[in-house]
Amino acid sequence: MGKRKIPQLPKNGYLPRVIDSSLERMLRTSGAVHVKGPKWCGKTMTAEHFSASQVYMQDPDQRDSLLALAEMKPSAILEGPKPRLIDEWQEAPQLWDAVRFAVDRGKGKGRFILTGSSTPKKQPAHSGVGRIAPLRMRTMSLFESGESTGAVSLGGLFTGSQDVAAFAELDVEDYAFAICRGGWPEAVLESDNEVALDQARLYVDELVNANIEEMDGVKRNATWMRAIMRSYARNVSSEAALTTIAADMQGEAPSDATIASYVDALSRACVTEDLEAWNPRLRSKTAVRTSPTRHFSDPAIAAAVLHATPQKLLSDFNTFGLLFESLCVRDLRVYMETMRGSVFHYRDKTGLEADAVLVLPDGRWALVEVKMGSGKVDEAAAHLKKLANRIDIQHEGLPAFLMVLTATATAYCREDGVLVVPLGCLAP
């Protein structure tokens with residue numbers, strides 16, 4: 001691994017994020033925006049950057065008084081210059097309804113920003129649909145951390161710019177390190193590699209030992225939680241059913257209902273983020289699998305619970321490949337968010353698959369297969385072409401592009417039109 005690039009903080013102390021443009025747009029169109037994502041991903045810092053005043057519901061010096069005020073008169077917490085940031089609003093769920101009511105009664109856009117990393121213990125009375133716009137924030141992509149050159153724009157590919165020719169600056173050792181380090185800003189900005197690698201382990205330890213009850217107020221067994229997460233990690237990037245995850249656990253597993261409740265809690269706390277299946281209209285009848293593929297919100301979580309290090313990944317390319325696919329899915333999700341797009345996966349009973357299907361709100365779509373090395377690019381390209389021919393283009397339209405996403409050095413367009421792009425070249 002070469003000398004790692006460390007992003008330089010601008011003079012204002014704020015490291016720009018891909019999500020910034022989405023938050024700016026939503027503040028212009030909605031009365032309030034709810035930014036949700038995993039702990040430590042940078043939600044508060046980004047929301048502070050776009051807010052004029054702030055209240056921090058987890059501030060230990062003020063928490064008790066703020067919770068009491070939220071109980072007695074929640075509207076008082078909303079007072080202040082706008083946009084008003086309410087950080088970790090789920091500590092006092094009544095604030096959600098107060099914000100919704102204030103948006104209904106008041107005038108103007110961009111009045112409130114709510115941030116949260118888990119589902120509240122008590123659900124608000126109203127959903128917030130049409131009043132509070134949801135925005136998902138994730139850990140930093142390789143483009144945000146400065147490790148991707150950004151030479152290939154995903155948005156550009158959707159608009160027909162497929163003159164792809166670029167070099168990545170990352171090698172296989174760099175990807176192994178990026179997977180184990182994760183995309184938390186504190187880790188990305190840390191110059192000491194060992195300290196940076198510690199962040200994912202500390203995240204898992206805090207989650208299991210301190211935060212499992214904060215998810216929704218339900219007392220859980222820390223040993224079971226860690227065991228379920230470890231089994232989940234061994235099945236990352238697969239369609240493993242919960243019964244498979246249970247069977248993979250060492251020792252006596254809890255009941256199916258208990259495992260389901262723990263997995264649901266991890267999802268609501270933004271620790272896991274499964275990839276749902278795409279169900280397009282096909283030319284002929286073929287059974288499409290509808291199970292999601294399993295992913296953590298950051299592949300470093302899987303690496304941490306498996307006690308994987310960059311060196312161990314380099315000697316276990318099966319695990320490395322699965323975690324690299326999860327890294328690709330995370331970055332694709334970050335980039336698609338700027339276009340209000342979605343990421344799915346596809347797999348049918350004949351074995352045809354796409355690790356990622358990118359879909360824009362206007363219906364444009366693209367297929368992506370993930371292959372770390374160059375040895376299987378030909379096979380992946382053939383599968384993508386075959387799958388694209390199976391889609392009913394009268395209903396879905398032609399694909400915007402077909403891409404093999406790799407850990408190789410060069411980006412180019414093959415003679416058959418399939419793009420080969422290193423993850424270290426990709427940008428929004």
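Above this text sits the structure in question.
Visitor: Residue-level account of helix α2 (residues 43-50), with values.
Guide: Regarding α2, the residues found buried are K43, T46, A47 and F50. End-on, the buried residues of α2 take up no more than an arc of 95 degrees, which puts them together on one face. Those residues of α2 that are buried are in contact with α1 (20-29), β1 (32-36), β3 (84-87) and β4 (112-116).

Visitor: Which residues make up the side chain of T319, and what values do they have?
Guide: Within the element layout of this structure, T319 appears in helix α15 (residues 317-337). Within the structure, T319 has its side chain in polar contact with the side chain of D316 (distance 2.7 Å). With residues up to four places along the chain from it excluded, the contact list for T319 reads L306 and L313.

Visitor: Give me the lowdown on the sheet that holds strand β11 (residues 401-406), citing residues and values where you can.
Guide: Overall, mixed pairing links the 7 strands, which are arranged β7-β12-β13-β11-β10-β9-β8 in an open sheet. Bordering the open sheet on either side are β7 (165-167) and β8 (342-347), each of which pairs with just one other strand. Going from strand to strand, the sheet's axes swing by 25 degrees on average, the running direction of each strand aside. Relative to β11, strand β10 (residues 365-370) runs parallel, the two being bridged by 5 bridges. Bridged to E369 within β11 is V404. Of the strands in this sheet, β8, β9 (353-359), β10 and β11 touch α15, which is tilted by about 10 degrees from β9. Together, β8, β9, β10, β11, β12 (410-413) and β13 (419-422) form the strand contacts of helix α16 (residues 377-390), whose direction differs from that of β11 by roughly 150 degrees.

Visitor: Give me the lowdown on the pattern of salt bridges, citing residues and values where you can.
Guide: Two side chains carrying opposite charge are able to pair once their charged atoms lie near each other. Overall, the coordinates contain 25 salt bridges when judged by the stated rule. Two residues, E337 and R138, come together in a salt bridge whose shortest N-O distance is 3.4 Å. Residue E337 is found in helix α15, and its partner R138 is found in the loop between β5 (132-136) and β6 (152-153); the two are separated by 199 residues along the sequence. In this pair, the class of E337 matches that of R138, namely buried. For D264, the salt bridge goes to R268, with nearest N and O atoms at 2.7 Å. Placement of the pair is D264 and R268 together in helix α12 (residues 256-268), with a separation of 4 residues, close to one helical turn.

Visitor: Summarise helix α5 (residues 94-105); cite the residues concerned and give the values.
Guide: Compared with an ideal rise of 1.5 Å per residue, which puts 12 residues at 16 Å, α5 spans 17 Å between its outermost C-alpha atoms and is within 8% of the ideal. The secondary structure elements touched by the buried residues of α5 are β1, α3 (63-72), α4 (74-77), β3, β4 and β5.

Visitor: Requested: an account of the packing of aromatic side chains, with residues and values cited.
Guide: Taken as a whole, this structure holds 10 aromatic pairs when the rule is applied. Look at F158 and F401: their rings are 5.0 Å apart centre to centre, the planes differ by 70 degrees, and that puts the pair in the edge-to-face class. Here the residue F158 occupies a position in helix α6 (residues 154-158), and F401 occupies one in strand β11, the gap between them amounting to 243 residues. Across the pair, exposure class does not vary: F158 and F401 are buried alike.

Visitor: Tell me about the pairing of β11, residues and numbers included.
Guide: When you tally the buried positions in β11, you get 6 out of 6 residues, the bulk of the element. Side chains F401, M403 and L405 of β11 all project onto a buried face; the interleaved residues L402, V404 and T406 project onto the opposite face, where all are buried too. Direction of pairing for β11 relative to β13: parallel, over a ladder of 4 bridges. By the bridge assignment, V404 is partnered in β13 with V420.

Visitor: Break down the sheet that holds β1 for me, citing the residues and quoting the values.
Guide: Read from one edge to the other, the open sheet built from 5 strands follows the order β2-β3-β4-β1-β5, with strand pairing classed as parallel. Strand pairing shows two members of the sheet lacking a second neighbour, β2 (53-56) and β5, which therefore form its edges. Going from strand to strand, the sheet's axes swing by 20 degrees on average, the running direction of each strand aside. In this structure, β3 lies alongside β4, joined through 4 bridges in parallel fashion. Counted as the bridge partner of L85 is I113 from β4.

Visitor: I'd like to hear about the layout of surface pockets, residue by residue, with values.
Guide: Roughly 400 Å³ of internal volume is contained in the largest pocket. Taken together, 16 residues line the largest pocket, and the ones lying closest to its centre are K39, W40, C41, G42 and T44. Residue contributions to the lining of the largest pocket peak at 3 residues, all from α2.

Visitor: Just give me the short version of the nonpolar core, but keep the residues and values in it.
Guide: Among the nonpolar cores identified, the biggest contains 82 residues, and L154, M229 and L358 are the most heavily contacted of them. Looking at this core, the element that brings in the most residues is α15, giving 10 residues. In this structure L358 touches L154, F158, L332, M336, S342, V343, R364, W365, A366, V368 and F401, once residues within four positions along its chain are discounted. Counting residues in hydrophobic clusters, the runner-up holds 21 residues, among them L282, V359, A380 and V404.

Reading the values: the criteria
Residues numbered from 1 in each chain as written. Predicted model: local features only at pLDDT ≥ 70, side-chain atom pairs only at ≥ 80, totals over all residues. Heavy atoms only, no water. Buried < 20%, exposed > 50% of the residue type's maximum accessible area, 1.4 Å probe, protein only. Helix = DSSP H or I, 4+ residues; strand = E, 2+ residues; numbered from the N terminus. Arc of directions from axis to C-beta. Contact = heavy atoms within 4.5 Å. Polar contact = N/O pair within 3.5 Å; in protein donor to acceptor, adjacent residues only side chain to side chain. Pairing = 2+ DSSP bridges. Axes fitted to C-alpha atoms, helices over the stretch in contact; angles between N-to-C directions. Salt bridge = Lys/Arg side-chain N within 4 Å of Asp/Glu carboxyl O. Expected span 1.5 Å × (residues − 1). Phe/Tyr/Trp six-rings, centres within 6.5 Å; stacked < 30°, edge-to-face > 60°. 1 Å grid on protein atoms, 1.4 Å probe; cavity = no way out; pocket = protein on both sides within 12 Å on 5 of 7 lines; lining within 4 Å. Points joined across faces, edges and corners; volume = space filled by probe spheres on them. Core = buried A, V, L, I, M, F, W, Y, C linked by side-chain atoms within 4.5 Å.

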